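# Understanding the architecture of this molecule
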Amino acid sequence: MNFRMIKYFLGWILVFETMFLFIPLVTAVIYGEHCFFAILLSMAVCLAAGGLLIWKKPKNTELYSREGFVIVSMSWIVLSLFGCLPFVFSGAIPSFTDALFETVSGFTTTGASILAEVEHLPKAMLIWRSFTHWVGGMGVLVFIMAFIPLSGGQNIHIMKAESPGPSVSKLVPRVKTTALILYSIYFVLTLIEFVLLLFGDMSVFDALNTALSTAGTGGFGIKNDSMASYSPYIQIVVTVFMIMFGINFSSYYFILTGRIKEAFNKEIRVYFGIIFFAIAIITFNLRDFYDTFGDTLRNVSFTVASIISTTGYSTVDFDLWPQLSKTIIVLLMLTGSCAGSTSGGIKITRIIILFKGLAKELEVMIHPKQLKKITMDSKPIEHEVVRSVNSYLVCYVLLFMASAAVISIDGHDLITNFTAVSAAINNVGPGLEAVGPSRNFGFFSTPSKLVLIFDMLAGRLELFPMLLLFSKATWKK
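This report concerns the structure included in the present document. (Residues numbered from 1 in each chain as written. Predicted model: local features only at pLDDT ≥ 70, side-chain atom pairs only at ≥ 80, totals over all residues. Heavy atoms only, no water.)

## As for the overall build of the chain
In terms of helices and strands, the chain carries 23 helices and 2 strands. Expected size for 477 residues packed as a compact globule is a radius of gyration near 23 Å; at 22 Å, the chain falls within 12% of this value. For the chain, the C-alpha atoms occupy an extent of roughly 65 × 60 × 50 Å along the three principal directions. Taking all 477 residues of the chain together, 58% fall into the buried category. A separation threshold of at least 6 residues defines the contact pool for the chain, and within that pool the share at least 24 residues apart is 72%. (Helix = DSSP H or I, 4+ residues; strand = E, 2+ residues; numbered from the N terminus. Rg over C-alpha atoms; globule rule 2.2 N^0.38 Å. Buried < 20%, exposed > 50% of the residue type's maximum accessible area, 1.4 Å probe, protein only. Contact = heavy atoms within 4.5 Å.)

Following this line, the structure appears as structure tokens:
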């Protein structure tokens, strides 16, 4: 284990977090807010700690998969611990546990909040919440690798550990160039949404917050009613971009390079199929729920896009919908969007592989001597990928059960506990009942909040990096 290289990476995380804090610092200056000093103090703490860790670059820069997993998991923990300091120092969220919950929810793009009145927050704190979504959406380590060389070609171990999905590959031979391409696409899409929101008479501040939160599929709103008070035009724009940010970013690269067939692969087709099917069923189920068909279709489309992309914005309280509609919503929470996007959830690729694996096992039972390989888009899926997907599902179920059992000690109802854990692990944000879209997570006890914090981090990092921290084999020399 290359501990010095791990320490070096953590130092760079804190240095970059110092630079990230310039965004809320400038916001505080523009609006003349007193939290300016709290942000400045947070920057000083981050820079001092980061500077000490990167003072001397290690001679041995070798990184392997074990170091990659540890670097990623520890980086996100450190990022969140220091990222919550502006909330604590400014008094916006005095409780350290609550501030940590809000920050982890931001960086993991979960969007679950402990705040009942977000409109009372200083604008600098609001922009920091939204910016954590944007940074965490594509991955902070991917961002760092796009701009500075750290350990040569071995950075792929870090990208694999941080990127959402069962498999990650380089778009071009160099990892740094791949990271730069991904973040360039990410930035351009965010900018396009920002401009379109301005055309809807949205203020610059509101448009910037909304674009950052949508891009990271996070869903931190700056209004107590989330997106309900905005115009239908703005809601439609956000709906479209929530769906777009749920697509594998490699597909956008394939489109730009003329590889259209690779862009619209099996996963993308299934993704859009699920969206259209869910919208059709829920719209029919709510046919007499709203005044007009247009209102119904708009609210349903927005909600389906928000939940399957795990953004978590809302225009209506879907906890009031009929049971069929709420059941579909919960299933969409579990499903999530495409691998390689900024969304959470199990991921559609994994679900496809699981179904194909089940079909293969059923055929083998009938024809034991048959040799058949699972394929995706006419390409065979390696056994290691299938094994990883199966292991992921086992870990997912066990962590889900354990978390639900622990937070049930608080005495809340089953639906609240189940959807709270689902919202945390899948990085969705809102759940049902006491954690519905019109409520928050502030009522949970401190131990339950810590469990949900771990779930959010584990869900964003695809479980394994966080779980490996508890394995003895990870820390052996």
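This is not the end of the story, as more comes after the structure.
## A short note on a positive patch on the surface
On the surface, Arg-4, Lys-7, Lys-56 and Lys-59 cluster together to form a positively charged patch. Inspection of the secondary structure assignment puts Lys-59 in the loop between helix H3 (36–53) and helix H4 (65–83). We classify Lys-59 as exposed; its relative accessible area is 83%. (Patch = residues over 30% accessible without salt bridge, like charges linked within 9 Å, V, L, I, M, F, W, Y side chains within 5 Å. Areas by Shrake-Rupley, 256 points an atom, 1.4 Å probe, with all protein chains shown as cover. Salt bridge = Lys/Arg side-chain N within 4 Å of Asp/Glu carboxyl O. Lys, Arg positive; Asp, Glu negative; His and termini not counted. Charge placed at Lys NZ, Arg CZ, Asp CG, Glu CD.)

## Describing the side chain of Ser-341
With respect to the element layout, Ser-341 can be found in the loop between helix H17 (323–335) and helix H18 (348–366). At 2.9 Å, the side chain of Ser-341 and the side chain of Ser-343 are in polar contact. (Polar contact = N/O pair within 3.5 Å; in protein donor to acceptor, adjacent residues only side chain to side chain.)

## Details of unusual backbone geometry
Not every positive phi belongs to a glycine, and Thr-217 is a case in point at roughly 45°. Tracing the backbone through its elements, the reader meets Thr-217 in the loop between helix H11 (204–215) and helix H12 (232–244). The residue Glu-433 is not glycine, and still its phi comes out positive at about 55°. Assessed through its relative accessible area of 29%, Glu-433 is described here as partly exposed.

## Notes on H3
For H3, spanning 18 residues, the distance from its first C-alpha to its last is 26 Å, which sits close to the expected 26 Å at 1.5 Å a residue. Those residues of H3 not exposed but buried are Ala-38, Ile-39, Ser-42, Met-43, Cys-46 and Gly-50. Down the axis, H3 shows its buried residues gathered within 135° of arc, on one side only. In H3, those exposed residues whose orientation departs by more than 90 degrees from the buried face are Phe-37 and Leu-52. (Expected span 1.5 Å × (residues − 1). Arc of directions from axis to C-beta.)

## A look at the environment of Leu-286
Within the secondary structure, Leu-286 is located in the loop between helix H15 (266–285) and helix H16 (293–308). Along the backbone, Leu-286 and Leu-21 are 265 residues apart, and their C-alpha atoms lie at a distance of 44 Å. Those residues in contact with Leu-286, other than ones at most four positions away along the chain, are Thr-296, Val-300, Trp-321, Pro-322 and Ser-325.

## A word on the environment of Phe-205
On the secondary structure map, Phe-205 appears in helix H11. In this structure, the C-alpha to C-alpha distance between Phe-205 and Ala-99, residues 106 residues apart in sequence, is 23 Å. Contact partners of Phe-205, with chain neighbours within four places excluded, come to Thr-27, Tyr-31, Lys-123, Leu-126, Ile-127 and Ile-222.

## Concerning the packing of aromatic side chains
By the definition in use, this model includes 29 aromatic pairs. Relative to Phe-16, the ring of Trp-12 lies with its centre 6.0 Å away and its plane at 55°, an arrangement referred to as tilted. With Trp-12 and Phe-16 both in helix H1 (residues 3–20), this residue pair falls 4 residues apart, about one helical turn. Comparing Trp-12 with Phe-16, the two get one shared label, buried. For the pair Phe-241 and Phe-245, a centre-to-centre distance of 6.3 Å together with 35° between the ring planes defines the contact as tilted. Joined through ring pairs, the aromatic side chains of Tyr-8, Trp-12, Phe-16, Phe-20, Phe-131, Trp-134, Tyr-183, Tyr-186, Phe-241, Phe-245, Phe-249 and Tyr-252 make up one cluster. (Phe/Tyr/Trp six-rings, centres within 6.5 Å; stacked < 30°, edge-to-face > 60°.)

## Structural notes on the pattern of salt bridges
By the definition in use, this model includes 8 salt bridges. Among the salt bridges present, the one from Asp-377 reaches Arg-269, with a minimum N-O distance of 4.0 Å. Taken as a pair, Asp-377 in the loop between strand S1 (375–376) and strand S2 (379–380) and Arg-269 in helix H15 lie far apart in primary sequence, 108 residues in all. According to the relative accessible area criterion, Asp-377 is partly exposed, its value standing at 36%.

## Brief notes about the nonpolar core
Counting residues in hydrophobic clusters, the biggest one holds 143 residues, and the most contacted among them are Ile-39, Phe-249, Trp-321 and Phe-441. Leave out the neighbours within four places in its chain, and Phe-441 touches Phe-101, Ala-112, Ser-113, Ile-114, Ala-420, Ala-423, Gly-429, Val-435, Lys-449 and Leu-452. (Core = buried A, V, L, I, M, F, W, Y, C linked by side-chain atoms within 4.5 Å.)

## Some words on the packing of H4 against helix H6 (residues 96–107)
Two elements in contact, H4 and H6, have axes separated by 8 Å at closest approach and are oriented at 130°. Comparing their axes, H6 and H4 come out oblique. Both H4 and H6 take part in a crossing whose hand is right-handed. Note on element contacts: H6 touches H4 through Phe-96, Leu-100, Thr-103, Val-104 and Phe-107, opposite Trp-76, Leu-79, Ser-80, Leu-81 and Gly-83. (Axes fitted to C-alpha atoms, helices over the stretch in contact; angles between N-to-C directions. Parallel < 35°, antiparallel > 145°, perpendicular 65-115°, else oblique. Left-handed = near helix turned anticlockwise from the far one by under 90°.)

## Remarks on the side chain of Asp-455
Of note, Asp-455 is situated in helix H21 (residues 446–460). Residue contacts for Asp-455: discarding those within four places in its chain leaves Leu-399, Ser-403, Val-421, Ala-424 and Ile-425.

## A few points about a nonpolar patch on the surface
Nonpolar side chains collect at one region of the surface, where Phe-187, Val-188, Leu-191, Ile-192, Val-195, Phe-199 and Tyr-233 lie side by side and expose about 650 Å² of accessible area between them. In terms of residues, the nonpolar patch owes the most to one element, helix H10 (residues 175–199), which gives 6 residues. Along the chain, Tyr-233 falls in helix H12. Here Tyr-233 falls in the partly exposed class, since its relative accessible area comes to 35%.

## Considerations on the packing of helix H19 (residues 383–407) against H21
Between H19 and H21, the shortest axis-to-axis distance is 9 Å and the interhelical angle comes to 160°. Our classification of the angle between H19 and H21 gives roughly antiparallel. Two packed elements cross with a definite hand, and for H19 against H21 that hand is left-handed. Residues Leu-399, Ser-403, Val-406 and Ile-407 of H19 form the contact with H21, whose participating residues are Ser-448, Val-451, Phe-454, Asp-455 and Ala-458. Residue composition of the contact of H19 with H21, grouped by class: 6 nonpolar, 2 polar and 1 charged. (Nonpolar A, V, L, I, M, F, W, Y, C, P; charged D, E, K, R; others polar.)

## Regarding H18
The terminal C-alpha atoms of H18, which comprises 19 residues, lie 28 Å apart, in line with the 27 Å expected from a rise of 1.5 Å per residue. What H18 keeps buried is the set Ile-348, Thr-349, Arg-350, Ile-352, Ile-353 and Gly-357. Contact partners of the buried residues in H18: H15, H17, S1 and H19.

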